[in-house]
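Structure assessment
If you want the building blocks of each chain, they are given just below.
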Amino acid sequence: MNDAPLTLSQRILYAGLGLGLFFGLWAGLSGSGLVPRQFLPGPLDVLDRMMQLMTTPFAGATLPVHVASSFERYIYGVGLAMLIGVPIGLMMGWFRLLDDIVTPIFDMLRFIAPIAWVPFAALWFGTGIGGPVMIIFAGAFPPCLINAYRGARFVEPRLIEAARMLGTGNTRTILEILLPAAFPSIVAGLRVAAGLGWQSLVGAELIVAAAGVGFMMVQAQANVATPTVMVGMIAIGVIGMAIDVLLRQGEAIVLRRRGLQMSGR
Amino acid sequence: MGSIRFDNVSMRFGTFNALEGINLEIGEKEFVAIVGPSGCGKTTCMRMVAGFEHPTGGTVSVNGARVVAPGPDRAVVFQQFALFPWKSVRENIDLGLRNKNLPKSEREDRIARALKLMNLESHADNFPHQLSGGMQQRVAIARAYVLDPSVLLMDEPFGALDAQTRVVMQEELVRISRVNPRTVLFITHAVEEAVYLADRVAIMTRRPGRIKEVLDIKSIREAEQWDKHSRIEDVMDIESFVHLRTQIWKSLREEKGSDAV
Ligand SMILES: Nc1ncnc2c1ncn2[C@@H]1O[C@H](COP(=O)(O)OP(=O)(O)O)[C@@H](O)[C@H]1O
Ligand SMILES: [Mg+2]
């Protein structure tokens, strides 16, 4: 293996090559007539449809409006997961008793896929914003909690000892020692949470929502409007990737401030 | 204020006898160094005074009260500095003062004095990773001194520094101790360092950890006027210094048989 890092132009070249290959195959397959057009619309059909959806409503709204309503739920769900998960995780990392009480419950709950909460989400919240938020929360909460917990639990023991000999109380230790020490781990957890949350969002909207990208796709599916379904998929993929790229930058900045390097790419 | 007392202290880790029958009294404003080979239990002794560890036998007390938990009356300087990387020099020093709920003006006052004492004034707003090892250890010492602790516990504080920096820090510590005398328990495995710094040197042996003998340095230092020399290398040339050093070396060697210390 040649492990020399790629130059920027090389990276753009290879990425372009990959994408070109993907779209070429796609266009070839749908254009060849091997697959009925309705089963696999071509890239140009999809692009065309996307441009239309920018201004023409489908399932009650234009694409940007669907995206915006998805995004709103997403921010609530992930934000709530972070605001609740991080403090609980930190406290579990400091108070042994809390750790012993919460960990068994948590270890069971976190294996329930976010989608499994759909029946209750629908029952409790109907198609309002609550249902999808709850499902996103279910996806994003575990990584928020686990990473804060691990970060707090594995703080260098010397630093804890230093804080104790300086007479630092519990609240201040959590806020000023555990939180900053766990910060890189928390940011990494947030990235995972953001990804899982985004994935669960669309799943949730397929079932419990009256707007959003997922809802648009379900409606399109009912009308066999395959290009619209494809537009939804692409929107999900691109936005998900954009979120990840942004958070990755954020993580790199956080680590650089600490004089650390991010592992991998 | 500031006495330490080990009363027949023993420490077992599982079935391993780390310390046995430790008796030692450190008086007010006295500087006592413990020397011994690595693994003999020096750090454990210090950690019991700090309150990080509890003896399995006997009692450790400070100012006549048995040690139960860590606290700012027993400030610790760790070998690896243990500064908070996300806090500036000033914030590192301030934490202990904030914990004491001191008014802001007094905290600023005390921080300024501590920075001055350790020649850190120009680095107050730097972060630890921007400083050299020697500078970081100055911060750790300032963080301990600023608390005005009744005892100061130092566990091989200069062990992680390069030779030149170590010498400078040793001289600094002598200077500070003169300006601001404290009860100090100083752990080291460097014999010269112990003789240079301490009023008394306790020699420890291994398996189980015991105090073999305690030598009085202070009376000799005063009689021979080591203080007339400000540089450590001049002090280390004085005959009485050399004699004490050799005496400690021999004592450590005897114990260990043919092993090198
Ligand atoms: N928490 C612990 N658990 C088990 N053994 C320990 C623990 N702390 C120290 N020891 C053992 O006790 C002995 C003395 O350790 P220490 O006080 O660190 O020695 P020194 O500081 O003189 O090098 C060593 O053999 C060490 O391995
Ligand atoms: Mg040690």
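Given the structure is predicted, the values throughout are model-derived calculations rather than measurements. Position numbers for residues start from 1 in each chain and track the written sequence from start to end. A letter from A marks each chain and a number from 1 marks each ligand, given out in the order of writing. Owing to the predicted nature of the model, reporting of local features is limited to residues with pLDDT of at least 70; listing and counting of side-chain atom pairs is limited to 80 or more, with chain, interface and lining totals taken over all residues. Hydrogens and water molecules were not included; the side-chain quantities draw on all heavy atoms of the structure.

So, about the site of ligand 1. Residues and elements named next belong to chain B. The cutoff for a nearby residue is simple: one of its non-hydrogen atoms must lie within 4 Å of the molecule or strand. In the vicinity of ligand 1, the contacting residues are F13, F16, A18, P37, S38, G39, C40, G41, K42, T43 and T44. Any N or O atom pair separated by 3.5 Å or less is treated as a polar contact, with the protein-specific requirement of one donor-capable and one acceptor-capable atom, and with residues adjacent in sequence counted only for side-chain atom pairs. T43 places a polar side-chain atom, nitrogen or oxygen, 2.6 Å from an oxygen atom of ligand 1. Only runs of H or I of at least four residues qualify as helices and only runs of E of at least two qualify as strands under DSSP, and these elements are numbered from the N terminus. Where the shell around ligand 1 is concerned, the elements lending two or more residues are strand 2 (16-26) and helix 1 (42-50). Ranked by residues supplied to the shell around ligand 1, first place goes to helix 1 with three residues. For the shell around ligand 1, a count of residues per class yields five nonpolar, five polar and one charged. Throughout, the ten residues Ala, Val, Leu, Ile, Met, Phe, Trp, Tyr, Cys and Pro are labelled nonpolar, Asp, Glu, Lys and Arg are labelled charged, and all others, Gly among them, are labelled polar.

All names here are of chain A. Geometry of aromatic contacts follows a simple scheme: Phe, Tyr and Trp rings, the Trp one being its six-membered ring, pair when their centres are within 6.5 Å, and the pair is stacked under 30 degrees between planes, edge-to-face over 60, tilted otherwise. Applying the stated criterion across every chain, the model contains 13 aromatic pairs over all chains. Plain terms: the ring middles of F22 and W26 are 6.1 Å apart, the flat faces sit at 55° to each other, and that makes the pair tilted. Of this pair, F22 and W26 both sit in helix 1 (residues 8-31), separated by four residues, roughly a single helical turn. Taking 5.0 Å as the distance between ring centres and 85° as the angle between the ring planes, the aromatic pair formed by Y74 and W198 counts as edge-to-face. With Y74 in helix 3 (residues 63-94) and W198 in helix 8 (residues 170-207), the pair connects residues that are 124 residues apart, well separated along the chain. When sorted by exposure, Y74 lands in the same class as W198, which is buried. Members of the aromatic cluster, joined through ring pairs, are F22, F23 and W26. Accessible area is worked out with a 1.4 Å probe on protein chains only. A residue is then buried under 20% of its type maximum, exposed over 50%, and partly exposed in between.

This part is about the sheet that holds strand 4 (residues 57-62) of chain B. Residue and element names in this part refer to chain B. Two strands make a pair as long as DSSP finds a minimum of two bridges between them. The strand order across the open sheet formed by four strands is 2-1-4-5, and the pairing between neighbours is antiparallel. Both outer strands of the open sheet, strand 2 and strand 5 (65-66), are each paired with one neighbouring strand and no more. As judged from the five bridges shared by strand 1 (residues 4-13) and strand 4, these two strands associate in the antiparallel manner. When the sheet's bridge partners are listed, F6 is paired in strand 4 with V60. Lying over the sheet, helix 1 contacts strand 1, strand 2 and strand 4, oriented at roughly 115° with respect to strand 1. Note on contacts: a residue pair qualifies if any of its non-hydrogen atoms lie within 4.5 Å across the two residues. Only the stretch in contact is used when a helix axis is fitted, and all axes are lines through C-alpha atoms; the angle between N-to-C directions ranges over 0 to 180 degrees.

A separate point is the side chain of E193 of chain B. Along the chain, E193 of chain B falls in helix 6 (residues 191-197). R166 of chain B provides the closest opposite charge to the buried, unpaired E193 of chain B, separated from it by 5.1 Å. Positive charges come from Lys and Arg, negative ones from Asp and Glu, while His and the chain ends are left out of the count. Definition used for salt bridges: Asp or Glu carboxyl oxygen within 4 Å of a side-chain nitrogen of Lys or Arg.

Residues and elements named next belong to chain B. By the element assignment, G209 lies in the loop between strand 9 (200-205) and strand 10 (210-216). Classification of G209 by relative accessible area gives buried; the value is 0%. Once residues within four sequence positions are removed from consideration, G209 is found in contact with N17, A18, L19, E20, I22, C40 and M204.

Moving on, we get to the interface of chain B and chain A. Tallying the contact residues gives 22 residues for chain B and 17 residues for chain A. Between chain B and chain A, the buried area comes to about 1,800 Å², and carbon and sulfur atoms account for 63% of it. Ranking the residues of chain B by area buried against chain A places F84, W86 and N99 of chain B at the top, with a combined share of 31%. If you look at where chain B meets chain A, you find three salt bridges. Between R98 of chain B and E176 of chain A there is a salt bridge, with the nearest N and O atoms lying 2.5 Å from each other. Inspection of the region where chain B meets chain A yields eight residue pairs in polar contact (both at pLDDT 80 or more). Using a 1.4 Å probe, buried area is obtained as the accessible area two parts lose upon being combined, added over both of them.

This paragraph deals with the domain arrangement of chain B. All names here are of chain B. What the domain assignment reports for chain B is domain 1 (4-73 + 151-256) and domain 2 (81-148). Taking only C-alpha atoms, the centre of domain 1 and the centre of domain 2 are 25 Å apart. Between the two partners, domain 1 and domain 2, sit two salt bridges. R182 serves as the salt-bridge partner of D148, at 2.6 Å between the closest nitrogen and oxygen. If you look at where domain 1 meets domain 2, you find four residue pairs in polar contact (both at pLDDT 80 or more). The set of elements that each furnish at least two residues to the side of domain 1 that touches domain 2 consists of strand 7 (151-155) and helix 5 (163-179). Domain start and stop positions are those given by an automatic or database domain assignment.

Turning our attention to the sheet that holds strand 3 (residues 31-35) of chain B. In a beta sheet, neighbouring strands are held together by backbone hydrogen bonds and run either parallel or antiparallel to one another. All names here are of chain B. Sheet architecture is open: six strands sit in the order 6-7-8-3-9-10, paired in mixed fashion. Looking along the sheet, the strands with just one partner apiece sit at the ends: strand 6 (74-77) and strand 10. Across the sheet, the axes of successive neighbouring strands diverge by a mean angle of 20°, strand direction being ignored. Relative to strand 7, strand 6 runs parallel, the two being bridged by four bridges. Residue A75 lies in a different strand from strand 7, and its bridge partner there is L152. The strands that helix 4 (residues 133-145) touches are strand 6 and strand 7; relative to strand 6, the one it contacts most, it runs at about 180°.

The next subject is the packing of helix 2 (residues 89-99) of chain B against helix 3 (residues 104-117) of chain B. All names here are of chain B. Two elements in contact, helix 2 and helix 3, have axes separated by 10 Å at closest approach and are oriented at 130°. Between helix 2 and helix 3, the angle falls in the class oblique. When the axes of helix 2 and helix 3 are compared, the crossing they make is right-handed. Where helix 2 abuts helix 3, its residues V89, R90, I93, D94, L97 and R98 lie against R107, R110, I111 and L115. Its residues assigned to classes, the contact of helix 2 with helix 3 shows five nonpolar, no polar and five charged. Reported orientations rely on four angle classes, namely roughly parallel under 35 degrees, roughly antiparallel over 145, roughly perpendicular from 65 to 115, and oblique for the rest. Put simply, a crossing is left-handed when the front helix is turned counterclockwise from the back one by less than a right angle, and right-handed when it is turned clockwise.

A separate point is unusual backbone geometry. Residues and elements named next belong to chain B. Here the phi dihedral of N8 falls at roughly 50°; this positive angle occurs in a residue that is not glycine. Given a relative accessible area of 49%, N8 falls into the partly exposed group. With a phi close to 65°, F81 is a non-glycine residue in the positive phi region. Looking at the element boundaries, F81 is found in the loop between strand 6 and helix 2.

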